[in-house]
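# Observations on the model geometry
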Amino acid sequence: KTILEGNKLKLVEKEFFRHKKNVFRVQDAGGAPLILKTGVDDMQVALLRAARSLEHELCFRVPHIITSGDRWIVMEEIQGKFLYEFYESDADWCVKISKEIADDYQRVIAKVMEKQSLGDLLAEGEAWVFSRLNLWSRPIVKIGLVEFSLVQQIAQGFENIIAQKGEEFFGWSHGNIIGDHIIIRDGVPYLLDLEAVPRPGRGYYDFLRSLDFMILTSQNEE
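So, a few notes on the structure that sits alongside this text. Everything quoted here is computed from the prediction, not taken from an experiment. As a convention, each chain's residues are numbered from 1 in the sequence order in which they are written. The model is predicted, so local features are restricted to residues of pLDDT at least 70 and side-chain atom pairs to those at 80 or more, both for listing and for counting; the totals for chains, interfaces and linings are taken over all residues. By convention in this description, side-chain values take in all heavy atoms of the structure and omit both hydrogens and water.

The secondary structure listing takes helices from DSSP runs of H or I that are at least 4 residues long and strands from runs of E that are at least 2 residues long, numbered from the N terminus. From N to C terminus, the protein includes six helices and ten strands. Judged by the C-alpha coordinates and their principal axes, the protein covers about 60 × 40 × 35 Å. Every one of the 222 residues in the protein was classed for burial, and the buried ones make up 42%. Taking the average place of the 27 positive charges on the side chains of the protein and the average place of its 34 negative ones, the gap between the two points comes to 5 Å. Buried, partly exposed and exposed residues are distinguished by accessible area as a fraction of the type maximum, computed with a 1.4 Å probe on protein chains only: under 20%, between the cut-offs, and over 50%, respectively. A positive count includes Lys and Arg, and a negative count includes Asp and Glu. His and the chain ends are not counted in either. Charged side chains are reduced to one point each, which is NZ for Lys, CZ for Arg, CG for Asp and CD for Glu.

Leave glycine aside and you will find that most residues have negative phi; peptide bonds, for their part, are mostly trans. The phi dihedral of Arg18 falls on the positive side, at around 55°, and the residue is not glycine. Phi is positive for Arg71, which is not a glycine, with a value near 65°. Position of Arg71 among the secondary structure elements: in the loop between strand E4 (65–69) and strand E5 (72–76).

Two joining distances apply to patches: 9 Å for like charges and 5 Å for nonpolar side chains (Val, Leu, Ile, Met, Phe, Trp, Tyr), and every residue must have over 30% relative accessible area and no salt bridge. The method behind every accessible area is Shrake-Rupley, applied with a 1.4 Å probe, and residues are considered shielded solely by the protein chains displayed. Each salt bridge in this description consists of a side-chain nitrogen of Lys or Arg and a carboxyl oxygen of Asp or Glu lying within 4 Å of one another. A cluster of nonpolar side chains, namely Ile140, Ile143 and Leu145, defines an oily patch on the protein surface of about 320 Å² accessible area. Look at Ile140 and you get partly exposed, because its relative accessible area is 35%.

A separate point is the sheet that holds strand E8 (residues 182–185). Across the sheet, three strands lie side by side as E6-E8-E9; this open sheet has antiparallel pairing. The strands lining the two open edges of the sheet, one partner per strand, are strand E6 (81–82) and strand E9 (188–191). Here, a strand pair is defined by DSSP locating no fewer than two bridges between the strands. Where E6 lies against E8, two bridges are found, and the strand directions are antiparallel. Across the sheet, the residue bridging to Phe82 is Ile183, located in E8. In this description, contact between two residues means that some pair of their heavy atoms is separated by no more than 4.5 Å. Lines fitted to C-alpha atoms define the axes, with helix axes restricted to the stretch in contact, and inter-axis angles between N-to-C directions lie between 0 and 180 degrees. Here helix H3 (residues 91–113) sits on the sheet and contacts E8 and E9; the angle it forms with E9, its principal contact strand, is near 50°.

If you want it as structure tokens, here you go:
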């Protein structure tokens, strides 16, 4: 309420994007459609600004920041079609553009890293890998699709390769370069929800994540 009143914004809709409670559709005094996001850290702002500064070198764009404050930003609302809406009609193009965005996002990460540290890549990456393995394997084991011994074998494999490669096994990623985080406007992709999170691999995690989302959500079996 304080943010809305202080910036002469009108609330239009809440929890419209993945039911997130911190993303709102708003309008300014002139009726222009905008997005208000709360709970924002400095890293997200730095990534948005880095992407804007590299815009002429990237295959994608990001929303323009209208104004920002303590843990909140107001951005332009990008209106177009989500990438997942093209899965059935042009799957090859969706794969191609996802790969290009994942590759170019690494340039945004590198730009931010010129000025600041993103965190302890090895410790945070290792913690993420084993927490996700534990979380995601539990229901699969519970219903009998795999034996727990296989999960143990996978965990041992991760332990071995992390021991060999250390920090080099990980890289900073967006984490969700997927079909509902990419909007196509006039043929130009716009990437939403910029983040820098530790994941296995040096850049390829984002591309594999895009394929994961595509395979799981597409109705086209082929």
